[in-house]
Amino acid sequence: MNTDKRRRMLAAGAVGAVLGGAAVLPSPALAEPGDDASVQVTVDIDEIREPGVLALSIAGDAVALSEDGSTLLVRQFVGTLPTVTVTDTRVADEVPDGAGWAVLGSATAFTGDSGQTPITADHFGWKPRLLDGGETGLVTEGEEVVTTLDDETLPGNNVGLVDQELLVSAFDSEAVASDSYSVNADLYLRTPAEVAAGEYTSTLTLSLFE
């Protein structure tokens with residue numbers, strides 16, 4: 001066999017070897033029957049935000065009046081209303097358009113523990129005092145309400161706490177939302193000097209309106 005023919009045969013064998021090697025390259029693995037496959041599933045769940053509320057709280061449920069400032073004609077008994085807090089946890093878009101809120105107070109007659117003649121609520125007055133009105137200037141305390149035994153100050157002011165009288169208010173609820181505000185009041189009961197002795201009790205009711 002001549003040299004050229006031998007070279008051609010060797011070259012053909014080499015090509016065949018290369019082609020044969022390419023034919024046995026591994027293919028992608030396939031799942032066989034009975035094999036398991038898995039898919040990871042994720043979800044992002046937002047926290048539920050509870051709607052805000054407008055609420056009233058009082059730092060105590062009782063106050064005892066004590067005598068101070070009495071004269072020969074009028075006996076006076078004074079005390080301080082426990083701090084009243086209005087908390088608004090709402091955001092602006094939860095507040096009704098044009099809304100405002102107010103805390104009003106009224107008292108029952110003072111009834112005696114031994115059948116004394118009741119002391120009517122027109123003898124009971126207060127002077128509201130804003131403790132924390134925030135920074136807007138839109139939360140204000142009510143006017144002083146004096147008793148029927150006082151000299152007249154403003155027309156209609158000498159009524160005592162017979163009906164709903166203003167303790168604190170906000171003209172624009174939306175502007176003062178997401179905050180809290182506190183107020184108390186000087187309380188005074190003024191009676192004629194000849195009032196019967198004994199223990200008397202009244203209920204002062206505070207109501208929040210919007």
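Scroll up to find the structure this text is about.
Conventions and cut-offs
Chains are numbered independently. Their residues run from 1 in the order of the written sequence. Since the coordinates come from a predicted model, pLDDT governs what is reported: local features require at least 70, and pairs of side-chain atoms require 80 or more to be given and counted, while whole-chain, interface and lining totals use all residues. Hydrogen atoms and water are omitted, and side-chain values are computed over all heavy atoms in the structure. Put simply, a nonpolar core is a bunch of buried Ala, Val, Leu, Ile, Met, Phe, Trp, Tyr and Cys residues held in one set by side-chain atoms that sit within 4.5 Å of each other. Using a 1.4 Å probe on the protein chains alone, a residue whose accessible area is under 20% of its type maximum counts as buried, one over 50% counts as exposed, and one in between counts as partly exposed. Secondary structure elements follow DSSP: runs of H or I of four or more residues count as helices, runs of E of two or more count as strands, with numbering from the N terminus. Contact definition: two residues touch when any of their heavy atoms are within 4.5 Å. Salt bridges are identified by distance alone: a Lys or Arg side-chain nitrogen within 4 Å of an Asp or Glu carboxyl oxygen. Only protein atoms enter the 1 Å grid, on which a cavity is a set of points fitting a 1.4 Å probe that cannot get out and a pocket is an open set with protein on both sides within 12 Å along at least 5 of 7 lines, lining residues being those with an atom within 4 Å of a point. Grid points are joined across faces, edges and corners, and a volume is the space filled by probe spheres set on the points. Note that Gly is not counted as nonpolar here; it falls among the polar residues with everything else outside the nonpolar set of Ala, Val, Leu, Ile, Met, Phe, Trp, Tyr, Cys and Pro and the charged set of Asp, Glu, Lys and Arg.

Visitor: Is there a simple way to think about the nonpolar core in this case?
Guide: Soluble, globular proteins show a tendency: their nonpolar side chains are buried together. Ranked by size, the top nonpolar core spans 26 residues in total, and within it Leu81, Trp101, Trp126 and Leu167 carry the most contacts. Element by element, the count of residues in this core is highest for strand S9 (residues 179-192), at 5 residues. Excluding residues that lie within four positions of it along the chain, Trp101 makes contacts with Leu54, Val86, Val139, Val168, Ser169, Ala170, Ser173, Val176, Tyr181, Leu208, Phe209 and Glu210.

Visitor: Teacher, can you tell me more about the pattern of salt bridges here?
Guide: Pairing between side chains of opposite charge can happen when the charged atoms of each approach one another. Going through the model one piece at a time under the given rule, you end up with 6 salt bridges. Here Glu67 and Arg75 are joined by a salt bridge, their closest N and O atoms 2.9 Å apart. Under the relative-accessibility criterion, Glu67 is labelled partly exposed at 39%. Arg75 gets classed as partly exposed once you look at its relative accessible area, which sits at 27%. Between Glu210 and Arg90 there is a salt bridge, with the nearest N and O atoms lying 2.8 Å from each other. Linking Glu210 in the segment after strand S11 (204-209) with Arg90 in the loop between strand S3 (74-88) and strand S4 (101-107), this pair joins segments that are 120 residues apart in sequence. Here Arg90 falls in the buried class, since its relative accessible area comes to 7%. Each of the salt bridges in this network shares a partner with another, and the network as a whole consists of Asp88, Arg90 and Glu210.

Visitor: Before we go on, may I ask you to explain the layout of surface pockets in this structure?
Guide: It is the rolling of a water-molecule-sized probe over the atoms that shows where space remains empty. In this structure, the largest pocket occupies an estimated 740 Å³ of space. Taken together, 28 residues line the largest pocket, and the ones lying closest to its centre are Val63, Leu65, Phe110, Tyr200 and Ser202. Counting residues per element, the ones that place at least two in the lining of the largest pocket are S3, S9, strand S10 (200-201) and S11. The element contributing the most residues to the lining of the largest pocket is S3, with 4 residues. Classifying every residue of the lining of the largest pocket by side-chain character gives 19 nonpolar, 6 polar and 3 charged.

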